[in-house]
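Chain residues, written in single-letter form:
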Amino acid sequence: MTETRPTICRYCPAHCGVLATIENGRITKVSGDPDNPLYRGYSCVKGRALPEQHYDPARLLSSMARSEDGGHRPIASGQAMDEIAAKVGALVERHGPRCVAMYVGTNTLPYPAAPGFAHAWLRGVRTPMFFTSNTIDQPGKQIAAALHGAWHGGDQSFEDADTWLMVGLNPVIAKSSGAPCHNPAQRLKEAVSRGMKLIVVDPRRSETARRAHIHLQPRPGEDPTILAGLLHVIIEEGLYDRAFIEENVEGFDAVAEQVKAFTPDYVAARAGVPAEQVLEAARVFAGGKRGGVYCGTGPNFATRGTLSEYLGRVLASLCGRWARPGDKVLRPNVMLPAFTAKAQPYPPYPGWGFGEQLRIRNLADTAAGLPTAALADEILGDGEGRVRALVCMGSSPMMAWPDQSKAFAALQKLELLVTIDPVMSPTARLADYVIAPKLTLETPGMTQSIEMLKYFGPGLGLARPYAQYSPKLVDPPEGSDLLEEWEFFYGLSQRMGIEVQQIMFYGWGQHIESPPQIFPIDMENKPTTDQIFELMTQGARVPFEEVKRHPHGHIFEDIDDVVQPRDPECEIKLDAGEPHMMAELSDVRAENFEASHGDPRYRFRLIPRRADAFVNSSGRTIKKLLGNRPYNPAFMHPEDLQDLGVGGGDVVRISSEHGTILGVVEEDADLRRGVVSMTHGFGGNPTDEADVREIGSNTGMLMSVEAEYDPASGMPRMGAIPVAVEPDSPS
Ligand SMILES: Nc1nc2c(c(=O)[nH]1)N[C@H]1C(S)=C(S)[C@@H](COP(=O)(O)OP(=O)(O)OC[C@H]3O[C@@H](n4cnc5c(=O)[nH]c(N)nc54)[C@H](O)[C@@H]3O)O[C@H]1N2
Ligand SMILES: Nc1nc2c(c(=O)[nH]1)N[C@H]1C(S)=C(S)[C@@H](COP(=O)(O)OP(=O)(O)OC[C@H]3O[C@@H](n4cnc5c(=O)[nH]c(N)nc54)[C@H](O)[C@@H]3O)O[C@H]1N2
Ligand code: SF4
Ligand SMILES: [Mo]
């Protein structure tokens, strides 16, 4: 029997509504869904490879446990949970609960019930050590929101914006933020053709930069300089929104003072862009009426990510680019509880330094969560409270943690490493237990989790009142023994006598919009995923049943909330002159940039980029996605290649102060000269012996978590890495 069913692709955060063809209980095809009102038939290469992901020969069909010989053998899931529960219990008994940590990665988003159960289990174990990939991604977003204050009414709409500034992000490929995630390439094309002036700051003429009215192509890592330069011009020329500032912003004088020295000429000399372009970009941006400023992984990886995000917010605030009274609410809640959006700020709150203190580098909890870049040292450093057990969910430290050699040493030192992963990832190969999970189309899905992304930063999540639910479409492969993520934590909790409570709350940092909802879970009669979804949507704006009535997804146009005016008694202001940020900006200005730019040892800067066919390290076992290039090329400008005497396909050695990797070069005339652009998530573990042309290499090897790091989030330099490049001499 063949049928076609609407569902949600959950391979990346865009969560496109797609169609799946099912033949005799197997998915045979996934394509765009023309009847989906938001995505309108869109799908990408990864979504169309969902059948290959589900039936990947490399997929684990049962959990695995480490065997005597250091390899792995299949283990029944119940047995694995028995053993893990006993081992965690024994470690806690001997060393106290803090020795247990969890690291949650990007592949948790497809499973809305997972984080609540994982966190409930951790609370039951009484350990505070909950880490996510967020603090090795763009933690500056939430920390800057804490320092500056977030806007209660939300951001302005892309659909009617006349100017839009994007700093180091590429929504055409990443579909993450900066442009609406429903077919961003098409949305950008439409916006530009209706006259929106797009300004892009990127050392590479990316797929997004190609659409720009102004493309500043600077030296990597100079985003604070450029943003300060734009502020300089806007303040100097009086292009800011006086009325908005008067009502909503404090600290204007402090920031005006700090940006004084960032003249267009200074910015030009330092960032390597024409001074006229800085002037023009500032005038075009401030000259518009509606728009936004968005920073991506580019500036967040290049150190000083918090400062870049902060200056982006200041720029938006000085130009009044936040939703105004009477504007339609861009992200009214649908599967989340209703709230009343107001044209006023949330008050600023502490960005870091509270809660759990880490044992190193003076780091503590932050508005973005505990600093993940410190977790390897929490495992390696002896003494009280040392982390001895790590549970990973939808994540891969060996592919994602900066400083791969340290991550390798740390994972090997653990007394217990458990990971939930559908394949034997480089992390799984080091694990004591690998829990084999069901994949998306074997589980129910819903858009509640991506709706929630709006609390992580401007421009994230859904930009329309849209929702979709999908039932599970197929059973897992016959003979398999698989668990959903939440089932694993439910099983552990049962065995350890932990009562699971789902706690749901929403808001910016400490500002919760509606009272927390607490749902006790029946620990004797195991619920179904659908029953958990029902609990999770109990307070939703639109009843779950109503969302379910629209299998192709629905835009709830009748939710036409408008942003309410400021409360008359509200005195809260956005802070444009936060002292730490002003001090950091002053440090930037004091730097001897000529010396660092001119370091003869490291003439190149390695920068990140996203590959269309992969999401981080996911997809590397899937032949359809790998094509004939199973590695991550080192993209360089053709003239740089010529100078080095190498050509496309040759192998080069890329060395930083902290490590060396090999790279297969590829010409990319869209790059600024002096830049090496390389995606992450490739290569194996440091001791693996494999040809770079077969597996690529891991850029995390070039990073150090202790040499340079953000004092708030602990995030080290992950971009704009000074490197030397030389032809790989045959050994
Ligand atoms: N296909 C695909 N989609 C993904 C992912 C994926 O791996 N593949 N990953 C997902 C994840 S986890 C995330 S966090 C998001 C990320 O989403 P984005 O932040 O949009 O990531 P990129 O597409 O890499 O865009 C970053 C851009 O910054 C530029 N850049 C590099 N260094 C600098 C710099 O120093 N300054 C400036 N101004 N620009 C710089 C790069 O050239 C690149 O064009 O994407 C998500 N979506
Ligand atoms: N050098 C370097 N390091 C980086 C980055 C970079 O650009 N360069 N980017 C950073 C960023 S932005 C992020 S978000 C992090 C990402 O950090 P992580 O999320 O830790 O890394 P991933 O490589 O995405 O690991 C995801 C794992 O999930 C598994 N997986 C795939 N599908 C499923 C599923 O359905 N269920 C489960 N349980 N698992 C699944 C995959 O096999 C893979 O092993 O990396 C960061 N690290
Ligand atoms: S953009 Fe993301 S959600 Fe959409 S089809 Fe591609 S992988 Fe799936
Ligand atoms: Mo990310």
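Just above sits the structure.
The rules behind these values
Residues numbered from 1 in each chain as written. Chains lettered and ligands numbered in written order. Predicted model: local features only at pLDDT ≥ 70, side-chain atom pairs only at ≥ 80, totals over all residues. Heavy atoms only, no water. Helix = DSSP H or I, 4+ residues; strand = E, 2+ residues; numbered from the N terminus. Expected span 1.5 Å × (residues − 1). Buried < 20%, exposed > 50% of the residue type's maximum accessible area, 1.4 Å probe, protein only. Arc of directions from axis to C-beta. Contact = heavy atoms within 4.5 Å. Polar contact = N/O pair within 3.5 Å; in protein donor to acceptor, adjacent residues only side chain to side chain. Pairing = 2+ DSSP bridges. Salt bridge = Lys/Arg side-chain N within 4 Å of Asp/Glu carboxyl O. Near = heavy atom within 4 Å. Areas by Shrake-Rupley, 256 points an atom, 1.4 Å probe, with all protein chains shown as cover. Axes fitted to C-alpha atoms, helices over the stretch in contact; angles between N-to-C directions. Parallel < 35°, antiparallel > 145°, perpendicular 65-115°, else oblique. Left-handed = near helix turned anticlockwise from the far one by under 90°.

Attention shifts here to helix α22 (residues 579–590). Look at α22: 16 Å from first C-alpha to last across 12 residues, which is about the 16 Å you get at 1.5 Å a residue. Those residues of α22 that fall on the buried side of the exposure criterion are Met-581, Met-582, Glu-584, Leu-585 and Val-588. For α22, the angular spread of buried residues about the axis comes to 160°, placing them on one side. Residues Pro-579 and Ala-590 are exposed on α22 and point more than 90 degrees away from its buried face. Buried residues belonging to α22 abut α5 (139–148), α8 (223–236), α10 (252–259), α11 (264–271) and α14 (305–318). The N-capping residue of α22, defined by a side-chain oxygen 2.9 Å from the backbone nitrogen of His-580, is Glu-578.

Turning to the pairing of strand β12 (residues 291–295), a few remarks are in order. Taking burial as the measure, the five residues of β12 include five buried ones, the bulk of the element. Residue alternation in β12 divides its side chains into two sets, Gly-291, Val-293 and Cys-295 and Gly-292 and Tyr-294, and both sets are buried. Alignment of strand β8 (residues 163–167) against β12, held across five bridges, turns out to be parallel. Bridge pairing in β12 links Thr-163 to Gly-291.

Take the side chain of His-680 next. Within the element layout of this structure, His-680 appears in the loop between β31 (675–678) and α26 (692–695). At 3.5 Å, the side chain of His-680 and the side chain of Arg-610 are in polar contact. A polar contact of 2.6 Å, which involves the side chain of His-680, links it to the side chain of Asn-616. The contacts of His-680, once residues within four sequence positions are left out, are Arg-609, Arg-610, Asn-616 and Thr-699.

With that settled, consider the pattern of salt bridges. Throughout the structure, instances matching the rule amount to 52 salt bridges. Between Glu-3 and Arg-5 there is a salt bridge, with its nearest N and O atoms 3.9 Å apart. A salt bridge links Arg-653 to Asp-728; the shortest N-O distance between them is 3.2 Å. With Arg-653 in strand β29 (residues 651–655) and Asp-728 in the segment after β32 (721–727), the pair connects residues that are 75 residues apart, well separated along the chain. The exposure class of Arg-653 is partly exposed, given its relative accessible area of 31%. One salt-bridge network, held together by shared partners, links Glu-222, Arg-270, Arg-304, Glu-584 and Glu-591.

What follows covers the site of ligand 1. Residues in close proximity to ligand 1 total 32 residues, the closest being Ala-174, Asp-202, Asp-223, Thr-297 and Phe-614. In the environment of ligand 1, a nitrogen atom lies 2.9 Å from a nitrogen or oxygen atom belonging to the backbone of Ala-611. Alone, ligand 1 offers 920 Å² of accessible surface; in the complex the protein occludes 97% of this. Of all the elements in the fold, those that place two or more residues in the shell around ligand 1 are α6 (171–174), α13 (297–301) and β27 (604–608).

Glancing now at the packing of α8 against α11. Between two packed helices, both the angle of their axes relative to each other and the distance between the axes serve to describe the pair. For the pair α8 and α11, the least separation of the axes is 9 Å and the interaxial angle reads 165°. Viewed along their axes, α8 and α11 adopt a mutual orientation that is roughly antiparallel. The two elements α8 and α11 cross, and the hand of that crossing is left-handed. Across from Thr-225, Ile-226, Gly-229, His-232 and Val-233 in α8, the residues of α11 making contact are Pro-264, Tyr-266, Val-267, Arg-270 and Ala-271.

This part covers the environment of Asp-327. You can see Asp-327 is positioned in the loop between α14 and β13 (352–357). Residues Asp-327 and Asp-561, 234 residues apart in the sequence, show an inter-C-alpha distance of 8.5 Å. For Asp-327, the residues in contact, after removing those within four places along its chain, are Arg-290, Asp-561, Val-562 and Val-563. Polar side-chain contacts of Asp-327 include one of 2.8 Å to the backbone nitrogen of Arg-324.

Looking now at the pairing of strand β9 (residues 197–201). Burial of β9 is extensive: four of the five residues sit out of reach of the surface. Two strands pair when backbone bridges link them, and β8 and β9 are joined in this way by five bridges, in the parallel orientation. Note that in β9 the partner of Val-167 across the bridge is Val-201. In this structure, β9 lies alongside strand β10 (residues 214–216), joined through three bridges in parallel fashion.

That's the geometry; what it means functionally is another story.
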